[in-house]
Amino acid sequence: QVQLVESGGGSVQAGGSLRLSCVASGKLFSISSVGWYHQVLGREREWVAIITTAGNIIDYREHVKGRFTISRDSAKNVVYLQMNNLKPEDAGVYYCRGRGDYGVDVWGKGTAVSVSS
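Residues numbered from 1 in each chain as written. Predicted model: local features only at pLDDT ≥ 70, side-chain atom pairs only at ≥ 80, totals over all residues. Heavy atoms only, no water.

Caption draft 1: The environment of aspartate 90, seen in detail. Following the sequence through the fold, aspartate 90 ends up in the loop between β8 (78–83) and β9 (92–100). The class for aspartate 90 is buried, based on a relative accessible area of 2%. Residues aspartate 90 and glutamine 39, 51 residues apart in the sequence, show an inter-C-alpha distance of 9.2 Å. Beyond its immediate sequence surroundings of up to four residues, aspartate 90 is in contact with His38, His63, Arg67, Phe68, Asn85 and Val113. (Helix = DSSP H or I, 4+ residues; strand = E, 2+ residues; numbered from the N terminus. Buried < 20%, exposed > 50% of the residue type's maximum accessible area, 1.4 Å probe, protein only. Contact = heavy atoms within 4.5 Å.)

Below, the structure written as structure tokens:
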């Protein structure tokens, strides 16, 4: 099995920064990509960024381009989401998702972000 655990959320003022982490454990060979998702209560969970486990192919939601950066440390099995110039609309719960072969589709439990204006 694969397990994902997020951390790094917190409360910041608009314009501030946070760095989220997603630590993976288990059968990591089965994961081909890790994505970050954002969800506000009462709304659908939305994709934010993705990175492949091989090749470092990266893509972002248009809204966060230029502000967020996704990266990974393969040796530590960690994927990061550096969030700069945070806006109130960025507040919510951030989840990481691992997808890959054999029907692998695993979610973490999320980490909460609060942004005050």
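We are not done yet, so read on.
Caption draft 2: Structural view of the state of the cysteines. Taken as a whole, this structure holds one disulfide when the rule is applied. Each disulfide pairs two cysteine sulfurs, and for cysteine 22 the partner residue is cysteine 96, the sulfurs being separated by 2.1 Å. Taking the torsion about the S-S bond as the criterion, the cysteine 22 to cysteine 96 disulfide, at about 70 degrees, is right-handed. On the criterion of sequence distance, the pair formed by cysteine 22 in strand β3 (residues 18–26) and cysteine 96 in strand β9 is long-range, its members being 74 residues apart. As far as the burial class goes, cysteine 22 and cysteine 96 line up, both buried. (Disulfide = S-S within 2.5 Å.)

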